[in-house]
Structures are given as C-alpha cells and as structure tokens.
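Read off the chains here:
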Amino acid sequence: QLQASGGGLVQAGGSLRLSCAASGRTFSNYAMGWFRQAPGKEREFVASISGSGGMTYYADSVRGRLTISRDNAKNTVYLQMNSLKPEDTAAYYCAAKTAGSWPSRSSSAYDYWGQGTQVTVSS
C-alpha cells in the first residue's frame, strides 16, 4: 500500500516536497516512481529511483528542478520540487515496481499505485 502526501497550492518559483510512504518489509527491493496527470492529459513519467537509491531517471521537463530520493529505513520515497512552473500543475502519483529493483520510465512496469496528491502552481 502506498500513501502519497505533501501536495498543495504554491506560487510559480516555489517549492514543495512530496512523500510516499509504503507498507511492507521489502521496500528496498522495489524501484519507485513518480508520475503525474493533468486534467485532459495522459499520465506522464516524472522520475524514478532504484531500490538502493543509486540510480535515478528524470523526464526532460523536470530535470534540474525536481529530485527523487528515498529513505529505505522509513519505507518512504520523496520528490523535492523546486522552481515550480504552472505547467507542473497535476495530480502526482507514486508507484512501486516489484519486478526488479532497477528504475523504469514506463508506467506499465509498476504494480502498485498511490492515491495521488494534487499540486497546483499559480502564475
């Protein structure tokens, strides 16, 4: 089970940190990812991280502004969001990939999804 939190309303240029808490004892075996979906658009990849935290992937649109990290002792993955833009407005979803600990940009690789947390960036 995945529980995402930390969304909210922020002005352009501001920051937020999303968290995703996972249940279970094998969290470090799973790659984790963040995806987002804006109204009227398809869900898109944002970032992913390997089970150990040593490998990360980012969408080109967020690289350098958003940072994914994880704390395996707390069974939690984070998405630090800086220099936010109005186009970052979306519902953000965390996801767990149980088939192997390497990260993936494909949503179909992920087995478990959180409920989503809304991020709204005003101009």
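Just so it is clear, the structure is predicted and the values come from calculations on it, not from any experiment.

Thresholds, definitions, all that
- Residues numbered from 1 in each chain as written.
- Predicted model: local features only at pLDDT ≥ 70, side-chain atom pairs only at ≥ 80, totals over all residues.
- Heavy atoms only, no water.
- Core = buried A, V, L, I, M, F, W, Y, C linked by side-chain atoms within 4.5 Å.
- Buried < 20%, exposed > 50% of the residue type's maximum accessible area, 1.4 Å probe, protein only.
- Helix = DSSP H or I, 4+ residues; strand = E, 2+ residues; numbered from the N terminus.
- Pairing = 2+ DSSP bridges.
- Phe/Tyr/Trp six-rings, centres within 6.5 Å; stacked < 30°, edge-to-face > 60°.
- Lys NZ or Arg CZ within 6 Å of the ring centre and 35° of its normal.
- Disulfide = S-S within 2.5 Å.

Student: Explain the nonpolar core to me, using residue names and the numbers behind them.
Tutor: Side chains that are nonpolar tend, in soluble globular proteins, to be buried together. Judged by nonpolar contacts, the single largest core of 33 residues is most densely connected at Trp 34, Leu 79 and Tyr 92. Contributions of two or more residues to this core are made by strand 1 (2-5), strand 3 (16-22), strand 4 (31-37), strand 5 (44-49), strand 7 (66-71), strand 8 (76-81), strand 9 (90-97) and strand 11 (117-122). Examining the composition of this core, we find that 5 residues originate from one element, strand 9, more than from any other.

Student: Help me get a handle on the pairing of strand 4, residues and values and all.
Tutor: Burial runs high along strand 4: 6 of the 7 residues are buried. Examined bridge by bridge, strand 4 and strand 9 share 7 bridges and lie antiparallel to one another. The partner of Phe 35 across the bridge, within strand 9, is Tyr 93. Examined bridge by bridge, strand 4 and strand 5 share 5 bridges and lie antiparallel to one another. Across the sheet, Trp 34 pairs through a bridge with Ala 47, a residue of strand 5. Counting the residues that bridge the hairpin from strand 4 to strand 5 gives 6 residues, and of these Gly 40 lies at a positive phi of roughly 80°.

Student: I'd love a proper account of the environment of Gly 14, names of residues and values included.
Tutor: Within the secondary structure layout, Gly 14 lies in the loop between strand 2 (8-11) and strand 3. Taking relative accessible area as the criterion, Gly 14 reaches 17% and is therefore assigned buried. Sequence-wise, Gly 14 and Met 81 are 67 residues apart; in three dimensions their C-alpha atoms are separated by 8.2 Å.

Student: Any details on the packing of aromatic side chains? Residues and values, ideally.
Tutor: Counting across every chain of the model gives 4 aromatic pairs. With 5.3 Å between their ring centres and 75° between their planes, Phe 35 and Tyr 110 make a pair best called edge-to-face. Of this pair, Phe 35 sits in strand 4 while Tyr 110 sits in the loop between strand 9 and strand 10 (112-113), and the two are 75 residues apart along the sequence. Across this residue pair, the class does not change: Phe 35 and Tyr 110 are buried. Among the aromatic residues, ring-to-ring pairing joins Phe 35, Phe 45, Tyr 110 and Trp 113 into one connected group. Looking at Arg 43, its charged tip hangs above the ring of Trp 113, at a distance of 4.7 Å from the centre. The lysine or arginine in question, Arg 70, covers the ring of Phe 27, its NZ or CZ lying 4.4 Å from the ring centre.

Student: Pulling in residues and values, what's your account of the state of the cysteines?
Tutor: Taken as a whole and assessed by the stated rule, the structure comprises 1 disulfide. Each sulfur of the disulfide joining Cys 20 and Cys 94 lies 2.1 Å from the other. Taking the torsion about the S-S bond as the criterion, the Cys 20 to Cys 94 disulfide, at about 60°, is right-handed. In this pair, Cys 20 is assigned in strand 3 and Cys 94 in strand 9, connecting sequence segments 74 residues apart. Looking at Cys 20, the relative accessible area reads 0%, which means it is buried. Given a relative accessible area of 0%, Cys 94 falls into the buried group.

Just distances and angles here, no functional claims.
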